[in-house]
Amino acid sequence: MKTFVGVDLGSTTTKAVLLDENCEVIGRGITNSRSNYATAVRVASQEARVDGQFTLFRRAFNDASRSVDLEGFLGDLERAFRLEQFLEQLDDLERTCLGLVKGERFVGVESGIKEALREVFRRLRDDAVDLYAPGAKRKSDFFRDIAGSRYHIHAEAVARDAKVPYDLLINVYDKSIIEVENRPPAGELSEKFRRALGRIPISESSVESRADLQKLIENALGVELEETYLVGTGYGRVTLPFSKEHIRSEILCHGLGAHMMYPKTRTVLDIGGQDTKGIQVDPNGIVENFQMNDRCAAGCGRYLGYIADEMNMGLHELGPLAMKSDRPARINSTCTVFAGAELRDRLSLGEKREDILAGLHRAIILRAISIISRSGGVTNEFTFTGGVAKNEAAVRELKKLIKENYGEVTININPESIYTGALGAAEFARRAHSGQGDGSEA
Amino acid sequence: MTIITTPKTAPPKEVEKDASMVKQKEMMAAHYDRLTSAPLTGEKVASTFVPGNLNELIMCFGLVNNLPEVNAIQNGLRRQSGAYVLEAEKIGHSEDVCTYVKSDIGMMAKGNIAPNGRQFPNPDVLLLSYTGCFTFMKWFELLREQYKCETIMLHTPYMGDGKVTRNMIEYMVKQLKEEVIPKLERISGVKFDIDRLREYLKKSAAAENDLVRVLQSAKNKPSPIDAYFGGIYYIGPIFGAFRGTDDAIEYYNFLRAEVEERLAAGKGPVTPDGDMGKERYRLVVEGPPNYTHFRQFWKMFYDEGAVIVASSYTKVGGVYDFGFRHDPDKPLETLAEYCLGVYTNRSLPMRIDMLANYVQDYDADGLLINSIKSCNSFSAGQLLIMREVEKRTGKPAAFVESDLVDPRYFSAANIKNRLESYFQMIEQKRAGARAAA
Amino acid sequence: MATSLNGHGCADTVARAQALFEDLTFAAAREWKAKASERKVVGYMPIYVPREIIHAAGFLPLGILGGGDQLEVIHGDAYYQSYICRIPRSTIELGVSGRLDFVDGMLFPSICDVIRNLSGMWKTMFPNVYVRYFDVPQNYRDDIGGNYYINELAELRHDLEGLRGKPITDDELRHSITVYNENRRLVRELYALRARSPWQVSAPEAYLVLRAGLVLPVEEHSQMIREYLAAATKEERPRRDNCRIVLTGVFCEQPPLNLIRSLELAGCYVVDDDLLLITRWLTADVPTEGDPLQNLALAFLHQSESTAAKYEPNLKEKGQHLVRAVHRSGAEGVIFACPSFCDPALLERPMLQHVLKDAEIPYIAFKYAENSGQMQPIREQAGTFSDSIKLWSGR
């Protein structure tokens with residue numbers, strides 16, 4: 001089937017969205033951004049395709065109206081698939097590490113290090129199954145994060161037992177991980193799914209036989225997710241890895257993405273990690289006006305990052321603590337550089353942490369409202385996207401400020417808003433292909 | 001699978017220089033030579049400002065006209081201004097103030113070297129043409145403190161009500177008659193000859209006629225000129241030390257002929273990379289350009305087929321495209337009118353009118369504002385200007401931010417991002433209009 | 001507690017002044033206007049307008065100094081980039097939030113390009129309000145700048161006559177001059193008292209009493225100053241071991257009251273300043289006989305304060321007004337407090353600092369915004385300055 005791919009190269013993460021011809025989202029993928037942009041794009045696209053594959057599976061099952069524990073089964077399949085992916089990359093990492101054990105540094109210890117490496121990876125492979133067991137909690141879904149933390153733990157133990165230099169093991173890892181990460185994903189998706197399927201035990205309560213399940217999966221796998229057209233977007237990249245006709249500005253993608261999620265939206269506020277955008281869109285999702293704060297950390301997610309550091313808290317803990325306040329402190333300096341000083345000042349004066357935090361949340365929202373004001377104000381409906389949109393204290397302040405200054409306005413917040421840009425890009429891809437013409441000439 | 005490509009960089013092209021470009025280069029070089037030779041030749045030097053530049057009057061006294069703004073621009077284009085600004089800030093000047101001033105002061109602190117590598121002379125007089133910008137007053141007070149030279153205040157009242165009044169003209173003429181001219185006489189040792197002034201004014205008017213033809217050629221499609229980046233070169237002689245000279249007349253003669261030739265051939269504007277390709281976007285621009293990254297900034301436009309058809313900055317040293325010409329029949333009044341009419345001396349409603357009319361008259365796709373951090377005269381109110389022009393023309397506007405000559409405030413990625421979004425916005429509007437049709 | 005003529009103590013007067021200061025709805029001015037239908041209100045921004053002419057029309061001149069630190073700016077930010085000072089955006093906030101809906105006219109003096117352009121913005125945004133950019137001459141010859149200015153004053157008078165619906169007579173103008181002369185005299189007296197005994201007249205109190213003059217009818221304000229002066233001279237207030245400084249740079253966007261307080265708390269008595277220059281812009285009595293507009297013009301040309309927005313034609317004179325202010329008030333140093341992005345204050349500062357250096361007057365400098373919240377760094381700087389003055393002056 002035809003799919004239209006939108007890729008959004010952000011500074012921290014790269015997102016991809018797959019749309020079908022009916023404007024429905026088939027799949028979403030996300031990965032950490034990395035130095036090789038082309039690889040980041042491929043990985044994100046593939047993740048989206050994997051997600052898309054599951055959508056197809058779901059559709060196949062629903063069509064066939066089987067009375068099987070669908071979600072349970074698909075959950076098993078996904079975990080097994082992820083495990084396959086992880087093991088594949090582990091193999092790659094192991095090969096790469098082993099290959100780097102040469103040269104002056106390793107004179108005399110070559111075989112010892114290689115032996116230790118093999119042991120570390122054996123332990124990692126053993127771990128892996130548990131990592132992807134049902135209910136297992138992972139801090140992150142990105143290979144670099146998972147492999148990294150586990151590698152360090154095992155390497156330390158193995159180095160101690162085998163009496164080999166620990167730092168050499170780390171050295172080899174550090175060099176390899178970048179290489180591995182920047183290699184484009186290999187292997188056929190369908191094959192991976194089949195192997196994954198093989199891992200799933202058939203429960204006794206299942207009515208269907210393995211063969212039938214296999215058939216359904218095979219049929220779904222048989223539907224090729226054709227990448228009919230791709231549009232990329234992203235900010236701050238002097239050169240995106242696409243030819244010109246496949247690029248759209250991230251402001252337009254963001255506006256259109258918000259429109260796709262909420263067709264009645266007219267004003268969009270995006271508070272990202274490093275910039276804030278105020279966008280006005282018309283009824284067709286076309287951007288009419290925009291303003292950006294792309295130079296100053298105040299009013300961006302980074303502001304909260306500084307606060308979290310100052311208060312020695314996790315970023316996700318800020319919101320809940322701020323929510324406890326009903327008397328936000330009036331913070332006058334919105335400059336991030338002084339946020340810490342202001343914080344310390346007030347703490348020393350005996351003000352409560354939650355009040356100060358609530359005030360700081362208000363400060364960041366005030367800055368964002370400035371950008372919105374400059375872009376044309378707030379028109380119903382209002383969509384709020386970006387990481388900060390997940391912060392309840394920030395959302396509370398936003399709602400208050402909008403109500404006070406613009407009256408009753410519907411405020412839309414989508415937990416998947418991180419995909420807004422990629423969604424818009426995918427829609428641009430679909431429009432470009434169908435000749436709807438978004439006006440961009442080749 | 002969609003092809004993922006890495007864009008190639010094009011090899012630099014060999015660009016032929018037009019006669020007007022050659023002439024301008026010669027004029028500038030000769031002028032800097034004359035300036036830096038003044039201590040040897042005994043010529044006296046007057047410093048003044050571009051808005052309210054009474055070049056014809058200055059020439060009547062045989063004075064050499066030094067324009068610190070132009071020097072700051074030269075420093076910016078040659079990427080020296082960054083160091084000068086830092087130097088001025090080290091000495092104690094605030095980060096918030098005009099970077100032309102800081103570039104000038106920093107340059108002075110670092111040897112006061114002109115673009116030709118020789119030292120600038122100390123001015124014999126500062127003609128403080130207080131026109132269109134508050135900072136000018138402080139700039140020359142600072143220079144006066146440094147050079148301890150005579151300073152002449154010429155106050156150009158602001159057109160707050162959108163018009164010139166008799167009171168304003170009388171005030172200015174009186175200042176010219178009883179302060180400016182007598183003082184210049186004394187300092188230069190040359191007696192004022194009003195007929196000499198008339199001669200210069202006649203020549204100014206001639207050059208102005210050709211300049212306006214050139215500016216208005218942008219009404220054509222495709223426009224044969226870029227009225228902003230290209231425009232910086234076109235306004236050089238008329239705004240600088242050459243208005244009223246035969247050189248300027250010749251320059252504008254050449255320029256007009258070249259432009260008419262391009263027009264006849266259906267060519268677009270000349271750019272540092274040669275002729276621009278297909279004209280895809282026509283823009284009106286408000287605000288000064290950035291000078292430290294001038295080429296890079298320009299390239300973001302012509303690479304996309306975007307040409308600027310009209311700009312407000314090319315009127316900062318005088319507005320000629322609404323009919324005003326220097327008039328030899330009323331020499332002092334005409335100097336006053338000239339000063340009163342410069343762009344930055346016009347009220348905000350007048351500026352909105354001008355820009356909205358440009359968008360309509362030059363059939364532009366919209367208004368782009370380049371907001372300069374350190375210039376309050378231009379920047380304060382631009383957001384309102386933007387919205388008013390959008391309202392009046394129904395066409396989209398966009399806003400980018402940079403600075404005159406402080407390179408720290410030019411972020412290519414930011415600006416490119418906003419520009420590209422703007423171009424795509426225009427495309428979308430066109431597509432929408434096509435679909436509706 | 002010491003009381004004055006009407007039994008008002010310092011505290012009462014100051015409390016009243018503070019209430020006026022904090023009221024961003026301008027209730028007092030609204031009430032004044034509501035009492036009679038011929039009454040109108042003409043707002044003005046820093047630094048100086050001839051209030052006499054407004055008063056002569058039977059109108060109330062209303063000083064607008066932005067919204068201070070109590071006003072959150074939401075809509076105002078739509079009009080200004082971040083590298084422009086705060087006073088115009090909070091003034092616009094006052095405007096678009098309806099707080100100035102009773103104001104019939106606005107005067108924008110020639111102080112800088114931001115306020116200058118704001119006059120045009122106001123015309124565009126509030127087309128039903130009388131708006132005038134009020135230009136003052138930078139040439140001080142009677143027959144040149146003077147003539148120009150008299151004509152400007154005549155135009156203003158003419159416009160206000162239009163608003164009034166009937167002429168403003170010369171006698172009315174002379175009367176207004178008399179009344180404002182008295183007010184200025186009282187302001188000078190207040191400054192003189194403070195310079196003599198700053199512990200009797202604290203800087204924040206003086207500020208509030210002076211600031212009330214921007215929203216009250218001048219006659220009431222004069223009475224308020226009289227009451228305060230009488231009470232202040234009677235009250236016994238503790239002396240602090242503070243140094244004495246002149247505060248400069250604060251002529252337009254106002255520092256938060258807390259900032260003024262903090263200076264004093266940190267060890268600096270403010271014995272002179274350029275806050276609210278309009279209250280004493282004309283430094284001597286304006287003659288009440290003869291042509292009132294001419295008198296006002298000549299007073300402006302030859303007997304007015306100096307400030308950054310005013311050209312100083314004589315190099316030797318440049319900055320001397322500050323030196324004189326230091327000597328006159330017995331100050332020991334100068335504090336430059338400039339609003340962020342303020343062209344007049346910041347461009348002027350280096351020149352003034354050179355002059356002070358030559359006169360061997362110590363100084364410090366910092367920036368603020370009208371809504372600055374952090375007083376700690378300011379207290380530290382001012383405190384250190386105070387200590388260093390006391391240490392090095394051999395007290």
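Residues numbered from 1 in each chain as written. Chains lettered and ligands numbered in written order. Predicted model: local features only at pLDDT ≥ 70, side-chain atom pairs only at ≥ 80, totals over all residues. Heavy atoms only, no water.

At the junction of the two partners, chain B supplies 53 residues and chain C supplies 57 residues. Together chain B and chain C conceal approximately 4,700 Å² of surface at their shared face, both sides included; 55% is due to carbon and sulfur atoms. The tally of links from chain B across to chain C stands at seven salt bridges. Inspection of the region where chain B meets chain C yields 32 residue pairs in polar contact (both at pLDDT 80 or more). When its residues are assigned to classes, the side of chain B that touches chain C shows 20 nonpolar, 17 polar and 16 charged. (Contact = heavy atoms within 4.5 Å. Buried area = accessible area lost by both parts, 1.4 Å probe. Salt bridge = Lys/Arg side-chain N within 4 Å of Asp/Glu carboxyl O. Polar contact = N/O pair within 3.5 Å; in protein donor to acceptor, adjacent residues only side chain to side chain. Nonpolar A, V, L, I, M, F, W, Y, C, P; charged D, E, K, R; others polar.)

To continue, consider the pattern of salt bridges. If charged atoms from side chains of opposite charge come close, those side chains can pair. In the structure shown here, the tally under the stated rule is 103 salt bridges over all chains. The salt bridge involving Arg418 of chain B is made with Glu401 of chain B; its shortest N-O contact spans 3.1 Å. Here the residue Arg418 of chain B occupies a position in helix α16 (residues 412-436), and Glu401 of chain B occupies one in strand β10 (residues 397-402), the gap between them amounting to 17 residues. Pair check on accessibility: Arg418 of chain B and Glu401 of chain B agree, each one buried. For Lys390 of chain C, the salt bridge is made with Asp241 of chain C, and the minimal N-O distance between the two is 3.8 Å. Of this pair, Lys390 of chain C sits in helix α14 (residues 376-392) while Asp241 of chain C sits in the loop between α9 (218-234) and β5 (243-248), and the two are 149 residues apart along the sequence. The exposure class of Asp241 of chain C is exposed, given its relative accessible area of 53%. Among the ionic contacts, a cluster of salt bridges with common partners joins Asp161 of chain B together with Lys123, Arg132, Glu152, Glu155 and Asp159 of chain C. (Helix = DSSP H or I, 4+ residues; strand = E, 2+ residues; numbered from the N terminus. Buried < 20%, exposed > 50% of the residue type's maximum accessible area, 1.4 Å probe, protein only.)

What follows is about the packing of helix α12 (residues 353-375) of chain A against helix α13 (residues 392-406) of chain A. All names here are of chain A. In the contact formed by α12 and α13, the axes pass within 9 Å of each other and the chain directions differ by 50°. Comparing their axes, α13 and α12 come out oblique. By crossing handedness, the relation of α12 to α13 is classed as right-handed. Listed contacts from α13 to Ala358, His361, Arg362, Ile365, Leu366, Ile369 and Ser373 of α12 are Ala393, Ala394, Arg396, Glu397, Leu398, Leu401, Ile402, Glu404 and Tyr406. Looking at the contact of α12 with α13 residue by residue, the classes come out as 10 nonpolar, two polar and four charged. (Axes fitted to C-alpha atoms, helices over the stretch in contact; angles between N-to-C directions. Parallel < 35°, antiparallel > 145°, perpendicular 65-115°, else oblique. Left-handed = near helix turned anticlockwise from the far one by under 90°.)

Before going further, it helps to spend a moment on the sheet that holds strand β3 (residues 25-32) of chain A. All names here are of chain A. Strands sit in the order β3-β2-β1-β4 across an open sheet of four strands; the sheet is mixed. Taken across any chain shown, the strands that pair with only one partner, and hence form the sheet edges, are β3 and β4 (226-234). Averaged over all pairs of adjacent strands, the angle between their axes in this sheet comes to 15°, without regard to strand direction. Here strand β2 (residues 13-19) pairs with β3 via seven bridges, running antiparallel. When the sheet's bridge partners are listed, Val17 is paired in β3 with Arg28. Contacting β1 (2-9), β2, β3 and β4, helix α14 (residues 420-433) runs over the sheet at an angle of about 140° to β1. (Pairing = 2+ DSSP bridges.)

The interface is formed by 39 residues belonging to chain A together with 32 residues belonging to chain B. Between chain A and chain B, the buried area comes to about 3,100 Å², and carbon and sulfur atoms account for 50% of it. The interface formed by chain A and chain B contains one salt bridge. In this structure, the salt-bridge partner of Glu288 of chain A is Lys429 of chain B, at a minimum N-O distance of 4.0 Å. Across the contact surface, chain A and chain B share five residue pairs in polar contact (both at pLDDT 80 or more). Where the side of chain A that touches chain B is concerned, the elements lending two or more residues are α1 (37-64), β4, α8 (250-261), β7 (287-293) and α12 of chain A. Here the element with the most residues in the side of chain A that touches chain B is β7 of chain A; it accounts for six residues. Across the side of chain A that touches chain B, the residue classes tally to 17 nonpolar, 11 polar and 11 charged.

Here we come to helix α4 (residues 143-162) of chain A. Residues and elements named next belong to chain A. For α4, built from 20 residues, the straight-helix expectation of 28 Å at 1.5 Å per residue is met to within 8% by its first-to-last C-alpha distance of 26 Å. Among the residues of α4, Phe143, Ile146, Ala147, Gly148, Tyr151, His154, Ala155, Ala157, Val158 and Ala159 are the ones counted as buried. Contacts made by the buried residues of α4 are with α2 (70-99), α3 (110-131) and α5 (166-181). Downstream of α4 by one or two residues, Lys163 has phi in the positive range, about 55°. (Expected span 1.5 Å × (residues − 1).)

Let us look at the packing of helix α9 (residues 229-239) of chain B against helix α11 (residues 294-302) of chain B. Residue and element names in this part refer to chain B. Here α9 crosses α11 at 125°, and the two axes come no closer than 9 Å. Relative to α11, α9 is oriented oblique. Only Phe294, Phe297, Trp298 and Phe301 of α11 make contact with α9, whose side of the interface consists of Phe229, Gly230, Ile232 and Tyr233. Broken down by class, the residue content of the contact of α9 with α11 amounts to seven nonpolar, one polar and no charged.

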